Amino acid sequence: MLGNILNRKNGKIGVFDSGLGGLTVLAALRNNNPEYDYIYLGDSARSPYGEKSQETIYQYSRQATDFLFRQGCKIIIFACNTASSQALRKVQENDLPEGKKVLGVIRPIVEKCAAITSTIGLMGTKATVSSGAYNRELSAVGSKAKIISNPAPLLVPLIEEGWAKKTITTKMLKHYLLPLKSKHVTALILACTHYPILIKQIKRIMGKNCQVPDPGKIVADSFKDYLARHQEIKLSKNGRCEFFTTDDPEKFRRLAKTFMPEKIEKIKKIELI
Ligand code: DGL
């Protein structure tokens, strides 16, 4: 009885993305902390977010946050740079029930790159690049690096279509990356959680003089530290993971294989309002 009451108080970890990209973060989180219970929500029906206005991205993110809190999440990670750059602050300021937390992906990546002093390349969605969030956060941690950004609007639709391995995707990557390579960037920030599934092609194009850190691992390592510093956040530990999508669950299951090794048993379709 007491066990049940305590368990009800312990919350799950919500992981939210506009679609499938956040699975790269979920996989790293599960790898670091398999003991916790996770709920993944991919808003594939309305993906990509990267082309939408700040107000729309905020509304969608708020709906996702409400849904995940209703499902028993105590803490939510926006595993989406677009939502992190355009909506996170507003959600943190206006929409948090007591004792709940929402975190983003930008701060951990920036902290990891803070020591780089040379030129950093950044590739992300239009909304992430135009928000200037990475530039602001890098200055806030005292970075002296020069940032050169390139929006890559066509990559998310190609990836969500399951076309990551097609020649057209490599061609698009070259189109977006070669201008950064020609500026001799020594590190490339993948400012979109969809891109790590292209990391091999990206590294090949950028060459050995450019490091390309894995953002999923950075976020997961930082989250582990965060939980160690915040022992007051009580999380349930049954090692379960539930999946929700706003689009076709079968398409989600088929494409999810490319993003995470874990086999997904059950996916529920929901509508976000
Ligand atoms: N994975 C999202 C991100 O990190 C993709 C954004 C989109 O839907 O355009 O930005």
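In this text, all values refer to a predicted model and were calculated from it rather than measured experimentally.

Peer 1: Is there a simple way to explain the overall build of the protein in this structure?
Peer 2: Tallying secondary structure elements over the protein gives 13 helices and nine strands in all. Taking 19 Å as the expected radius of gyration for a compact globule of 273 residues, we find that the protein reaches 18 Å, a close match to that expectation. Its C-alpha atoms give the protein principal-axis dimensions of about 65 × 40 × 35 Å. Residues counted as buried form 55% of the 273 residues belonging to the protein. Pairs at least 24 residues apart make up 79% of the contacts formed inside the protein by residues separated by at least 6 positions. Carbon and sulfur atoms make up 51% of the accessible area of the protein, which amounts to about 13,000 Å² in all. Between the averaged position of the 43 positive side-chain charges in the protein and that of its 25 negative side-chain charges there is a distance of 6 Å.

Peer 1: Is there a simple way to think about the packing of aromatic side chains in this case?
Peer 2: The geometry of an aromatic ring pair is captured by the separation of the ring centres together with the interplanar angle, meaning the angle of the planes. All chains considered together, the criterion is met by eight aromatic pairs. With a centroid separation of 6.1 Å and 55° between ring planes, the pair formed by Tyr-40 and Phe-252 is classed as tilted. Here Tyr-40, found in strand E2 (residues 38–42), pairs with Phe-252, found in helix H13 (residues 249–259); they are 212 residues apart in sequence, far enough to count as distant. Using a relative accessible area of 3% as the deciding quantity, one classes Phe-252 as buried.

Peer 1: What is the right way to read the domain arrangement of the protein from this model?
Peer 2: Taken domain by domain, the protein holds domain 1 (2–105 + 218–269) and domain 2 (107–215). In this structure, domain 1 and domain 2 have C-alpha centres spaced 22 Å apart. Listed by partner, the interface residues are 30 residues for domain 1 and 28 residues for domain 2. One can count two salt bridges joining domain 1 with domain 2. Across the pair Glu-51 and Lys-126 runs a salt bridge, and its minimum N-O distance is 3.5 Å. Linking domain 1 with domain 2 are 13 residue pairs in polar contact (both at pLDDT 80 or more), by the criterion used here. Looking at the side of domain 1 that touches domain 2, the elements that each hand over two or more residues are helix H2 (23–32), helix H4 (81–86), helix H12 (215–229) and H13. Residues that form the side of domain 1 that touches domain 2 fall into these classes: 11 nonpolar, 15 polar and four charged.

Peer 1: Any chance you could explain the site of the ligand here in plain terms?
Peer 2: Around the ligand lies a shell of 14 residues, among which Ser-18, Tyr-49, Gly-50, Thr-82 and His-194 are the nearest. At 2.6 Å, a side-chain N or O of Ser-18 approaches an oxygen atom of the ligand. Compared with its free state, where it exposes 300 Å², the ligand has 100% of that area covered by protein. In the shell around the ligand, the residues fall into five nonpolar, eight polar and one charged.

Peer 1: What exactly am I supposed to notice about the sheet that holds strand E8 (residues 241–245) here?
Peer 2: Pairing between sheet strands relies on hydrogen bonds along the backbone, with the strands arranged either parallel or antiparallel. Spatially, six strands are ordered E4-E3-E1-E2-E8-E9 in an open sheet, and the strand pairing comes out parallel. Strands with a single pairing partner mark the edges of an open sheet, and in this sheet they are strand E4 (101–103) and strand E9 (267–269). Going from strand to strand, the sheet's axes swing by 20° on average, the running direction of each strand aside. Here three bridges tie E8 to E9, and the two strands are oriented parallel to one another. Paired with Phe-243 across the bridge in E9 is Ile-267.

Peer 1: Help me out: how do you make sense of the nonpolar core in this one?
Peer 2: It is characteristic of soluble globular proteins that their nonpolar side chains tend to be buried jointly. Ranked by internal contacts, the top residues of the largest apolar core, which has 75 residues, are Leu-23, Met-123, Tyr-195, Ile-202 and Phe-243. Taken domain by domain, the makeup of this core includes at least three residues from each of domain 1 (2–105 + 218–269) and domain 2 (107–215). Leaving out residues up to four positions away in the same chain, Tyr-195 has contacts with Met-123, Gly-124, Thr-125, Ala-152, Leu-155, Val-156, Ile-159, Leu-190 and Ile-202. If you look at the next biggest cluster of nonpolar residues, it comprises 24 residues, including Ile-39, Tyr-49, Tyr-60 and Ala-87.

Cut-off values and rules
Residues numbered from 1 in each chain as written. Predicted model: local features only at pLDDT ≥ 70, side-chain atom pairs only at ≥ 80, totals over all residues. Heavy atoms only, no water. Helix = DSSP H or I, 4+ residues; strand = E, 2+ residues; numbered from the N terminus. Rg over C-alpha atoms; globule rule 2.2 N^0.38 Å. Buried < 20%, exposed > 50% of the residue type's maximum accessible area, 1.4 Å probe, protein only. Contact = heavy atoms within 4.5 Å. Areas by Shrake-Rupley, 256 points an atom, 1.4 Å probe, with all protein chains shown as cover. Lys, Arg positive; Asp, Glu negative; His and termini not counted. Charge placed at Lys NZ, Arg CZ, Asp CG, Glu CD. Phe/Tyr/Trp six-rings, centres within 6.5 Å; stacked < 30°, edge-to-face > 60°. Domains from an automatic or database assignment. Salt bridge = Lys/Arg side-chain N within 4 Å of Asp/Glu carboxyl O. Polar contact = N/O pair within 3.5 Å; in protein donor to acceptor, adjacent residues only side chain to side chain. Nonpolar A, V, L, I, M, F, W, Y, C, P; charged D, E, K, R; others polar. Near = heavy atom within 4 Å. Pairing = 2+ DSSP bridges. Axes fitted to C-alpha atoms, helices over the stretch in contact; angles between N-to-C directions. Core = buried A, V, L, I, M, F, W, Y, C linked by side-chain atoms within 4.5 Å.

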